[in-house]
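Below, each chain spelled out in residue letters.
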Amino acid sequence: MSEGDHLRQYRLSGAPVLSSDAMVPPVGFFDSGVGGLSVARAFRSYAPLEPILYFADTAWFPYGGRPAAEIRKRAFAALHALIARGAKLVVVACNTASAAALSDLRAAFPVPIVGMVPGVKPAAAHTRSGVVLVLATPNTLDGELFRRVREEYGSGVHVRAVAGHGLAELVEEGRVGTREARVALERLLGPHVATGADVVVLGCTHYHFLMSDIRAIFPELTVVDTSDAVARRALAVLREEGLVAPDGAGPATFELIASGPRARFETVARSLVPELFAAHAETTA
Ligand code: DGL
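Figured I'd write up the structure that's included with this text. These numbers were taken from a predicted model, which means no experiment stands behind them.

1. With respect to the overall build of the protein chain
A tally of helices and strands in the protein chain yields 13 helices and nine strands. Expressed as a percentage of the 285 residues in the protein chain, the buried residues total 55%. For the protein chain, contacts bridging at least 24 residues in sequence account for 79% of all contacts bridging at least 6. Taken as a whole, the protein chain presents about 12,000 Å² of accessible surface, with 54% of it coming from carbon and sulfur.

So this is what it looks like as structure tokens:
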């Protein structure tokens, strides 16, 4: 499929569900689905004046098992779409896309790009047992980015890579907090916790929404989630680059676009991050 086809698909089905005529250029976020909303929500809490434009590549969800070259293509299509709509900075709010494409995207696009990196460094600092888990998609675990981070920060500890088969799908379908989600987590993490792991790194933005389930099943396990740190990093880059929204800007908008069918996606998104939708409702009331 050519780049044009990707963009055509985006234009056909990607009309905004929420929009405004904001004069301030937005900060773009991109993920295969709802996962990156965790980073967008954290960013909104630090930067309430910044408009947010969120691209969910739902027609291609899940990225997890796709070849890296295909994910790279989708990442380029997403960046094109966000920049064409005026994004002044893009957060690749997806570990899988960051693993497949972050350095290529930075080389190809003129805007600053912030990506996800598995939090092996804070995990190594927190562990008492010396055994940490990195829960991520198979692509993230196979990628060069994880290999480098593991080498750089994980040398003093035992890092176990755990592929979160099926977890992103549970979140995308709105099944957080269900028995099914807890059974899946128990199956994936239970054997590792039983053999000494005391920290789990959430290496996929979808897994942020499973945090309460993980804490309920494994109260002793420390959960490392980098969505907050990435949100703060995005704000720091905006400041460094002189791109922050001016004082008095606003009200900040939240605009959601999707490459695939949106009804179900939007329902799940609203249930996961009601704050982002509520903020917009206030501004349009
Ligand atoms: N949210 C994405 C990530 O952070 C992946 C989910 C998927 O498999 O599409 O890795």
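2. Describing the packing of aromatic side chains
Following the criterion strictly, the structure yields five aromatic pairs and no others. Of the aromatic side chains, those joined through ring pairs into one cluster are Phe30, Phe55 and Tyr63.

3. A look at the site of the ligand
Contacts to the ligand come from 14 residues, most closely from Ser32, Tyr63, Asn95, Thr96 and His206. The backbone of Gly64 places a nitrogen or oxygen atom 2.8 Å from an oxygen atom of the ligand. At a separation of 2.8 Å, an oxygen atom of the ligand approaches a polar backbone atom of Thr205. About the coverage of the ligand: the protein hides 99% of its 300 Å² of free accessible area. In this structure, the ligand is accommodated by the largest cavity.

4. Quick notes on the nonpolar core
In this structure, Phe29, Leu37, Phe43, Tyr54, Val91, Leu167 and Ile214 are the most contacted members of the largest nonpolar core, which totals 59 residues. Top contributing element to this core by residue count: helix 11 (residues 227–240), with six residues. Not counting residues up to four positions away in its chain, the partners in contact with Ile214 are Leu185, Leu189, Val200, Leu202, Leu221 and Val223.

5. Let's talk about the sheet that holds strand 8 (residues 222–224)
Where strands meet in a sheet, backbone hydrogen bonds hold them as pairs that are either parallel or antiparallel. The strand order 6-5-7-8 describes an open sheet built from four strands, whose pairing is parallel. Both edges of this open sheet fall to strand 6 (158–163) and strand 8, since each of them pairs with a single strand only. Each adjacent strand pair in this sheet contributes to an overall mean axis angle of 25°, direction not counted. In terms of strand pairing, strand 7 (residues 199–202) meets strand 8 through three bridges, oriented parallel. Among the inter-strand pairings, Val201 is bridged to a residue of strand 8, identified as Val224. Packing of helix 9 (residues 179–194) onto the sheet brings it into contact with strand 5 (131–136), strand 6 and strand 7, and relative to strand 6 it is tilted by some 165°.

What counts and what doesn't
- Residues numbered from 1 in each chain as written.
- Predicted model: local features only at pLDDT ≥ 70, side-chain atom pairs only at ≥ 80, totals over all residues.
- Heavy atoms only, no water.
- Helix = DSSP H or I, 4+ residues; strand = E, 2+ residues; numbered from the N terminus.
- Buried < 20%, exposed > 50% of the residue type's maximum accessible area, 1.4 Å probe, protein only.
- Contact = heavy atoms within 4.5 Å.
- Areas by Shrake-Rupley, 256 points an atom, 1.4 Å probe, with all protein chains shown as cover.
- Phe/Tyr/Trp six-rings, centres within 6.5 Å; stacked < 30°, edge-to-face > 60°.
- Near = heavy atom within 4 Å.
- Polar contact = N/O pair within 3.5 Å; in protein donor to acceptor, adjacent residues only side chain to side chain.
- 1 Å grid on protein atoms, 1.4 Å probe; cavity = no way out; pocket = protein on both sides within 12 Å on 5 of 7 lines; lining within 4 Å.
- Sits in = over half its atoms within 2 Å of the grid points.
- Core = buried A, V, L, I, M, F, W, Y, C linked by side-chain atoms within 4.5 Å.
- Pairing = 2+ DSSP bridges.
- Axes fitted to C-alpha atoms, helices over the stretch in contact; angles between N-to-C directions.

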